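Fold and contact review
Given next are the chains, with one letter for each unit.
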Amino acid sequence: MIRFGSFQIDPRTWLLTRDSAAVDLSPRLVEILGFIASRGGEIVTKEELLEKFWPDVNVTENTLTRAIADIRKAIGEDATSPRFLQTAARRG
């Protein structure tokens, strides 16, 4: 299990829960969130995410931006005052 705040991710099923209630988020986005959360605050670069989740696929950074925005929305995170997902300008 991957835990952060009141959230929990089951990496066997890619199910995200908050206080034991399921959070509506696609398994792929839960997998991305789990990857980031498992790094324990370490910066994860855009390149790492694109390579891991979209290998051999030509996607724009907008695809990643949209994925992170959808994850933030699902966990009730505001990009201007992040608790779990913070963007480091030009780094990740």
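A brief report on the enclosed structure follows. None of the values given here were measured: they were computed from a predicted structure. (Residues numbered from 1 in each chain as written. Predicted model: local features only at pLDDT ≥ 70, side-chain atom pairs only at ≥ 80, totals over all residues. Heavy atoms only, no water.)

Among the nonpolar cores identified, the biggest contains 24 residues, and Leu16, Ile32, Leu33, Leu49 and Ile71 are the most heavily contacted of them. Those elements giving two or more residues to this core turn out to be β1 (2–4), β2 (7–10), α1 (27–38), α2 (46–53) and α3 (61–75). Ranked by the residues each element gives to this core, the list is headed by α1, at six residues. (Core = buried A, V, L, I, M, F, W, Y, C linked by side-chain atoms within 4.5 Å. Buried < 20%, exposed > 50% of the residue type's maximum accessible area, 1.4 Å probe, protein only. Helix = DSSP H or I, 4+ residues; strand = E, 2+ residues; numbered from the N terminus.)

Let us look at the packing of aromatic side chains. Enumeration over the complete set of coordinates arrives at five aromatic pairs. Among the aromatic residues, ring-to-ring pairing joins Phe4, Phe7 and Phe84 into one connected group. Arg28 extends its terminal NZ or CZ atom over the ring of Trp54, reaching a point 5.2 Å from the ring centre. When the ring centre of Phe53 is taken as reference, the NZ or CZ atom of Lys52 above it lies at 5.7 Å. (Phe/Tyr/Trp six-rings, centres within 6.5 Å; stacked < 30°, edge-to-face > 60°. Lys NZ or Arg CZ within 6 Å of the ring centre and 35° of its normal.)

A few words now on the sheet that holds β2. Strand order in the open sheet formed by four strands is β1-β2-β3-β4, with antiparallel pairing between adjacent strands. Bordering the open sheet on either side are β1 and β4 (21–22), each of which pairs with just one other strand. In this structure, strand β3 (residues 15–18) lies alongside β4, joined through two bridges in antiparallel fashion. Counterpart to Arg18 in the pairing with β4 is Ala21. Set on the sheet, α1 makes contact with β1, β2 and β3; between it and β1 the angle comes to about 75°. (Pairing = 2+ DSSP bridges. Contact = heavy atoms within 4.5 Å. Axes fitted to C-alpha atoms, helices over the stretch in contact; angles between N-to-C directions.)

Bear in mind that shape data such as this cannot, by itself, settle questions of function.
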